[in-house]
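Notes for the structure review
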Amino acid sequence: MAASNEEDSLSVFANILKPGSSLHPTLLAVLDVAFSLLFLVFVVLSFLTSGNIHIFVLMGIELALWASVKWVVNELKNTPIPMEQKPQADKTGEAKKDS
């Protein structure tokens, strides 16, 4: 059972560098969890520092970064994928070669 969990976590990390991985639902969930935990840390720090303005500025920066990541992912989802140009075959069935 533990080997299965290790393989799942390794497959997530292996998929990060593949083209199109920014739209993978698991990666997006991991990003959301990371941003949520960072925001939670800033909320706790704002209470511990008695409302230090620097913490609130960092909270704003973090929320802006989170929103920009969401916006980019949304734009990537809405962008049409260009069709790959395939070499056309001539009458003999062989592909044409560009010289």
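The structure we're discussing is the one just above.
Now for a description of the structure that goes with this document. Per chain, the residues get numbers from 1 upward, laid out in the order the sequence is written. Only residues with pLDDT of at least 70 are given local features in this predicted model, and only at 80 or more are side-chain atom pairs given and counted; all residues enter the totals for whole chains, interfaces and linings. Each side-chain value is derived from all of the structure's non-hydrogen atoms; neither hydrogens nor water enter the calculation.

Further remarks concern the packing of helix α2 (residues 25-48) against helix α3 (residues 53-78). Only the stretch in contact is used when a helix axis is fitted, and all axes are lines through C-alpha atoms; the angle between N-to-C directions ranges over 0 to 180 degrees. Here a helix means four or more residues in a row that DSSP labels H or I, a strand means two or more in a row labelled E, and each is numbered from the N terminus. For the pair α2 and α3, the least separation of the axes is 9 Å and the interaxial angle reads 165°. Taken together, the axes of α2 and α3 lie roughly antiparallel to each other. Every pair of crossing elements has a handedness; the one defined by α2 and α3 is left-handed. Of α3, the residues touching α2 (which contributes Leu 28, Leu 31, Asp 32, Phe 35, Ser 36, Leu 38, Phe 39, Phe 42, Val 43, Leu 45 and Ser 46) are Ile 55, Phe 56, Leu 58, Met 59, Glu 62, Leu 63, Leu 65, Trp 66, Val 69, Lys 70, Val 73 and Lys 77. Tallied by class, residues from the contact of α2 with α3 come to 17 nonpolar, two polar and four charged. For classification purposes, an angle smaller than 35 degrees is called roughly parallel, one larger than 145 roughly antiparallel, one from 65 to 115 roughly perpendicular, and anything else oblique. The sense of a crossing depends on the near helix, which, turned anticlockwise from the far helix by less than a right angle, makes the crossing left-handed and, turned clockwise, makes it right-handed. Contacts are assigned to residue pairs that have any heavy atoms within 4.5 Å of one another. When residues are sorted by character, Ala, Val, Leu, Ile, Met, Phe, Trp, Tyr, Cys and Pro go into the nonpolar class, Asp, Glu, Lys and Arg into the charged class, and all the rest, Gly among them, into the polar class.

Before going further, it helps to spend a moment on the side chain of Glu 62. Note that Glu 62 resides in helix α3. The charged side chain of Glu 62 is buried without a salt bridge, its nearest counter-charge being Lys 70 at 11 Å. Look past the residues within four positions of Glu 62 in its chain and what remains in contact with it is Phe 35, Leu 38, Phe 39 and Phe 42. Under the scheme applied here, a residue whose accessible area is under 20% of the maximum for its type counts as buried, over 50% as exposed, and between as partly exposed, the area being computed with a 1.4 Å probe on protein chains only. The positive count covers Lys and Arg only, the negative count covers Asp and Glu only, and His and the chain ends enter neither. Any Lys or Arg side-chain nitrogen located within 4 Å of an Asp or Glu carboxyl oxygen qualifies as a salt bridge.

In this section: the side chain of Ser 46. Take Ser 46: it is sitting in helix α2. Overall, Ser 46 belongs to the buried group, its relative accessible area being 10%. Residue contacts for Ser 46: discarding those within four places in its chain leaves Gly 51, Ile 55 and Phe 56.

As a further point, take α3. How far a helix is expected to stretch is found by multiplying one less than its residue total by 1.5 Å. Counted at 1.5 Å a residue, the expected span for α3 with its 26 residues is 38 Å, and the 37 Å between its end C-alpha atoms agrees. If you check which residues of α3 are buried, you get Ile 55, Met 59, Glu 62, Trp 66 and Val 73. Those residues of α3 that are buried lie in contact with α2.

Taken as a whole and judged by the stated rule, the model has one salt bridge. Note that Lys 70 is salt-bridged to Asp 32, the shortest N-O span being 2.9 Å. Remark: Asp 32 occurs in helix α2 and Lys 70 occurs in helix α3; sequence separation between them is 38 residues. With relative accessibility at 42%, the residue Lys 70 sits in the partly exposed group.

Like-charged residues are merged into a patch within 9 Å and nonpolar side chains (Val, Leu, Ile, Met, Phe, Trp, Tyr) within 5 Å, provided each residue has over 30% relative accessible area and no salt bridge. Note on areas: Shrake-Rupley with a 1.4 Å probe; residue coverage comes only from the protein chains shown. A cluster of nonpolar side chains, Val 33, Leu 37, Leu 38, Leu 40, Val 41, Val 44, Leu 45 and Leu 48, forms an exposed patch at the surface whose accessible area comes to about 700 Å². Here Leu 45 lies in helix α2. What makes Leu 45 partly exposed here is its relative accessible area of 31%.

Attention now goes to the packing of aromatic side chains. To describe a pair of aromatic rings, you give the distance between the ring centres and the angle between the ring planes. Aromatic pairing here means that ring centres of Phe, Tyr or Trp (its six-membered ring) are within 6.5 Å. Orientation follows from the plane angle: under 30 degrees is stacked, over 60 is edge-to-face, and everything else is tilted. Per the counting criterion, the structure on display carries one aromatic pair. With a centroid separation of 5.6 Å and 20° between ring planes, the pair formed by Phe 35 and Trp 66 is classed as stacked. A residue pair is termed long-range when its members are at least 10 positions apart, and Phe 35 in helix α2 and Trp 66 in helix α3 qualify at 31 residues. In terms of burial, Phe 35 and Trp 66 fall into one category: buried.

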